[in-house]
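Chains, contacts and geometry: an overview
These are the residues of each chain, in order.
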Amino acid sequence: MNVTGIIFANDATMGDLTSKRTMASLPFGGRYRQIDFHLSNMACAGIRNIGIISRYNYQSLMNHVGDAEEWGLELGEGGLEFLTPYAMSTTDRYRGKLENLYFAMDFLEYGLGNEDEYVVLSDSAVLSNMDLTKILAAHIESGKDITIVAKAGIADGRKQLDLAVKLDDKGQISDIAVDYVAGPEHLASMDTFIMSKTFLVHQVRELVARNLCHMDRDLVLGLWQKGVASLNVYPFQGVALFNESIEEYFRNSLSLLDKQIRHDLFGRCHPVYTKVRDRVPSYYGEECEIENCLLADGCFLEGEAEDSILFRDVKICQGAQVEKSLIMNDTVIGEGARVEYVILDKNVTVRPGARLVGTPHDPIIIKRGETV
Amino acid sequence: MYFQKKRCIAMLLAGGQGSRLKVLTEKTAKPAVPFGGKYRIIDFPLSNCVNSGIDTVGILTQYQPLELNEYIGNGQPWGLNKTHSCAQVLPPYERHDKKSGWYKGTANAIYQNIDFIDRYDPEYVVILSGDHIYKMDYADMVAYHERNQASCTIAVRNVPLSEASRFGILNTNPDNSIYEFEEKPKQPKSTNASMGIYVFNWKVLREALISDEEDETSSNDFGKNIIPMLLGAGHKMMAYPFDGYWKDVGTIDSLWEANMELLGKEPAFQIRGNERQRIYARNSAQPSSYIDEDAKIYNAFVAEGCEVYGTVRHSVISVGCTVGEGALVEDSVVMPGVVIESGAIVRHAILGENSRVCVNAVVGGAYGPKDKKKISVTSKGAVVEKNTVLAPGEML
């Protein structure tokens with residue numbers, strides 16, 4: 001496929017959960033990192049040349065992605081490249097995605113995919129299982145400059161959308177707004193765009209030269225308003241999870257317990273690939289009680305868990321109770337401990353008998369490696 | 001092409017038909033039979049090699065090799081795909097001098113691949129078979145072999161005297177040197193059973209293979225021919241005692257038992273392990289498993305990609321299986337991709353890959369702990385129709 005992929009690894013933050021990792025490497029769904037969904041979307045569409053733009057904290061991401069052989073992206077048939085900000089010393093204040101793209105010009109013009117005709121840009125905070133070949137075909141058929149992949153039903157009059165678009169009865173764009181609290185008649189951009197590479201390269205040069213660096217505001221809205229760019233909106237029909245705040249991340253994680261959402265995200269168009277860890281199957285003890293949970297491999301379960309997501313190698317000791325929580329890799333819930341509405345990061349130890357109770361809107365977060 | 005000299009390489013005999021596994025090996029070579037939820041039998045010797053620092057493995061295939069070859073692929077899951085490491089599948093081939101064709105026996109299989117071994121100019125060759133479940137550090141066995149300046153070292157385990165006549169028995173001196181080998185003796189003199197794991201000095205083995213090939217009466221087998229020949233020639237041969245878990249999973253009953261021995265808080269065979277004891281497998285891209293609010297799971301392994309709505313007790317459920325509402329799975333081995341529909345009952349069974357037990361069907365039966373159990377088996381892709389029964393011990 002003559003398309004280059006660009007994934008933005010950290011254009012948002014999520015407090016303690018992303019203090020030492022990128023949004024792209026945030027664990028999700030028991031066995032995954034958020035970027036797995038984007039890499040799988042791209043790899044399964046036959047995209048072989050992918051650049052990951054990562055500004056900071058990218059060690060865990062590089063460790064996870066490795067040479068990307070799990071996604072069939074190891075060098076030889078294309079490959080994957082980390083585009084880290086080598087020129088940021090001149091501009092220490094981050095101004096926007098276009099500036100990052102400006103520093104990725106070499107990759108686009110002379111790098112792996114220098115012969116590719118199109119570019120798919122994607123941000124790691126919005127998760128979906130989409131067929132990019134169909135979206136590219138729709139983009140080409142539309143004859144427009146930019147295709148915005150957007151989702152109905154996200155705008156609810158409370159959530160601020162990065163980019164909101166409204167269509168009239170004929171499917172034409174009647175309104176575009178940036179950083180806007182939109183009502184249900186607007187579609188939310190999934191931060192996934194398709195455009196020709198020549199167009200992108202040209203516009204990034206023009207805009208950054210005029211100190212215009214914001215992707216949604218300057219490239220999409222700005223060029224549309226000036227009549228420079230024509231836009232196509234591709235309404236995505238599948239599940240789209242917008243993990244843009246801790247509350248959303250927590251809610252969306254637990255939404256995987258719903259069969260329809262789970263089957264759509266993991267199997268709508270293709271499987272989701274992730275780094276192989278070679279853990280044993282999870283072991284369920286004689287007296288464990290596991291109800292309505294999603295569990296990864298390697299867990300050792302002797303206590304109770306309900307309405308929760310357990311990542312790899314989680315240990316729940318006898319008499320421990322886990323309810324409505326996200327428990328990340330290698331975390332141990334000690335005997336008789338009780339946790340409810342919590343997010344326990346990797347390698348956390350909950351002491352025997354301890355109690356941790358958060359709320360649905362404000363789950364308690366315990367940082368990686370801590371003992372509580 | 002440049003081949004790095006290796007101190008030690010391994011040759012893995014994976015060509016056997018495994019006919020005693022019956023329907024499970026109709027379309028699959030025995031080493032490719034699923035085990036323990038996410039593994040295949042061959043993962044154990046292959047992972048042992050990697051964990052022992054052996055990075056060059058020749059894999060001799062013959063019977064139904066398609067699935068096995070595909071599974072091994074380029075050796076990537078075991079890290080055997082690097083510049084100076086390999087997992088090389090070695091099928092039989094035709095040669096100009098006609099000393100080739102199907103592998104006639106275990107020794108002939110190695111004989112036909114002398115060129116492969118010579119490329120690495122090894123001091124030692126480890127010969128393994130692809131039908132045992134165990135964890136062993138071959139490096140330790142090679143060091144023992146080297147320390148004793150032996151020509152050949154054979155791993156042995158102590159078996160009950162009553163069972164010894166089923167094995168190749170090695171009679172040893174007090175220093176563990178072997179003075180006699182008896183294949184399935186009627187009146188065994190000792191209980192040192194050969195595990196089919198050999199370390200040879202390559203020079204010695206190479207010569208033995210060539211002279212064995214010239215002997216037209218030979219059945220070209222390690223146990224029957226090569227070992228007695230070397231003993232007769234006065235080579236120093238050592239027994240390497242091994243007391244860890246080891247199981248030949250060549251029969252339906254032993255395959256079922258070995259799976260059951262993974263279960264429990266302190267199982268007979270601990271499949272978990274740290275870096276040097278981990279078992280590696282080719283992974284399929286499966287999401288986490290979903291356990292429903294009405295599901296009940298006790299003393300069981302459940303691998304990735306499963307959806308469990310019913311009850312699972314004392315069983316191994318492999319990747320990508322579904323256990324429907326109200327279904328019961330007990331004392332069973334459920335291989336990858338199996339669907340057990342609602343209301344079905346499965347007890348004392350091995351369900352082959354992608355087989356299906358339809359609504360309210362019944363497979364197998366219940367036994368007391370001391371009863372002789374008859375295991376029911378479904379073959380790959382088999383369907384136990386709605387409301388029907390697959391009786392204890394029956395195969396489909």
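Here the structure is shown first, and the text comes after it.
Residues numbered from 1 in each chain as written. Chains lettered and ligands numbered in written order. Predicted model: local features only at pLDDT ≥ 70, side-chain atom pairs only at ≥ 80, totals over all residues. Heavy atoms only, no water.

1. Focus: the sheet that holds strand 22 (residues 333-334) of chain B
- The strand order across the open sheet built from ten strands is 26(A)-23(A)-20(A)-17(A)-14(A)-16(B)-19(B)-22(B)-25(B)-28(B), with neighbouring strands paired in mixed fashion. Single-partner strands in this sheet number two, and they are strand 26 (349-350) of chain A together with strand 28 (376-378) of chain B.
- Pairing analysis gives two bridges linking strand 16 (residues 300-302) of chain B to strand 19 (residues 316-317) of chain B, with the strands arranged parallel. When the sheet's bridge partners are listed, B:V302 is paired in strand 19 of chain B with B:I317.
- Relative to strand 25 (residues 349-351) of chain B, helix 8 (residues 252-260) of chain B is tilted by about 90°, and along the sheet it contacts strand 19, strand 22, strand 25 and strand 28 of chain B. (Pairing = 2+ DSSP bridges. Helix = DSSP H or I, 4+ residues; strand = E, 2+ residues; numbered from the N terminus. Contact = heavy atoms within 4.5 Å. Axes fitted to C-alpha atoms, helices over the stretch in contact; angles between N-to-C directions.)

2. Describing unusual backbone geometry
Residue and element names in this part refer to chain A.
- Even without a glycine there, the phi angle at K324 is positive, about 45°.
- Within the fold, K324 resides in the loop between strand 21 (321-323) and strand 22 (326-327).
- Judged by relative accessible area, which is 23%, K324 ranks as partly exposed. (Buried < 20%, exposed > 50% of the residue type's maximum accessible area, 1.4 Å probe, protein only.)

3. Observations concerning the packing of aromatic side chains
- Per the stated rule, a full pass over the model turns up 22 aromatic pairs over all chains.
- Taken together, a centroid distance of 5.5 Å and an interplanar angle of 65° make the contact between A:Y283 and B:F301 edge-to-face. In this pair, A:Y283 sits in strand 14 (residues 282-284) while B:F301 sits in strand 16, so the two residues belong to two different chains.
- Taking the relative accessible area as the measure of exposure, B:F301 reaches 5% and is therefore buried.
- Ring pairing ties together the aromatic residues A:F28, A:Y32, A:F37, A:Y249 and A:F266, which thus form one cluster.
- Lying over the aromatic face of A:F8, A:K97 brings its terminal NZ or CZ to 4.7 Å of the ring centre.
- Lying across the ring of B:Y71, B:R40 places its NZ or CZ 5.2 Å from the centre. (Phe/Tyr/Trp six-rings, centres within 6.5 Å; stacked < 30°, edge-to-face > 60°. Lys NZ or Arg CZ within 6 Å of the ring centre and 35° of its normal.)

4. Things to note about the interface of chain A and chain B
- Counting residues at the interface gives 37 residues for chain A, matched by 36 residues for chain B.
- Carbon and sulfur atoms make up 49% of the surface buried where chain A meets chain B, a total of about 3000 Å² over both sides.
- Summed over the three residues of chain A that lose the most area to chain B, namely A:D278, A:P281 and A:Y283, the buried surface amounts to 23% of that side.
- When the shortest N-O distance is used, the salt bridge between A:R31 and B:E304 registers 3.2 Å.
- For the interface between chain A and chain B, the tally reads 24 residue pairs in polar contact (both at pLDDT 80 or more).
- Sorting the residues of the side of chain A that touches chain B by element identifies helix 9 (259-267), strand 14, strand 15 (289-291) and strand 16 (293-295) of chain A as the ones contributing at least two each.
- Within the side of chain A that touches chain B, the residues separate by chemical class into 19 nonpolar, seven polar and eleven charged.
- Across three bridges, the pairing between strand 16 of chain A and strand 14 (residues 289-291) of chain B is antiparallel. (Buried area = accessible area lost by both parts, 1.4 Å probe. Salt bridge = Lys/Arg side-chain N within 4 Å of Asp/Glu carboxyl O. Polar contact = N/O pair within 3.5 Å; in protein donor to acceptor, adjacent residues only side chain to side chain. Nonpolar A, V, L, I, M, F, W, Y, C, P; charged D, E, K, R; others polar.)

These results come straight from atomic positions and should not be treated as a statement about function.
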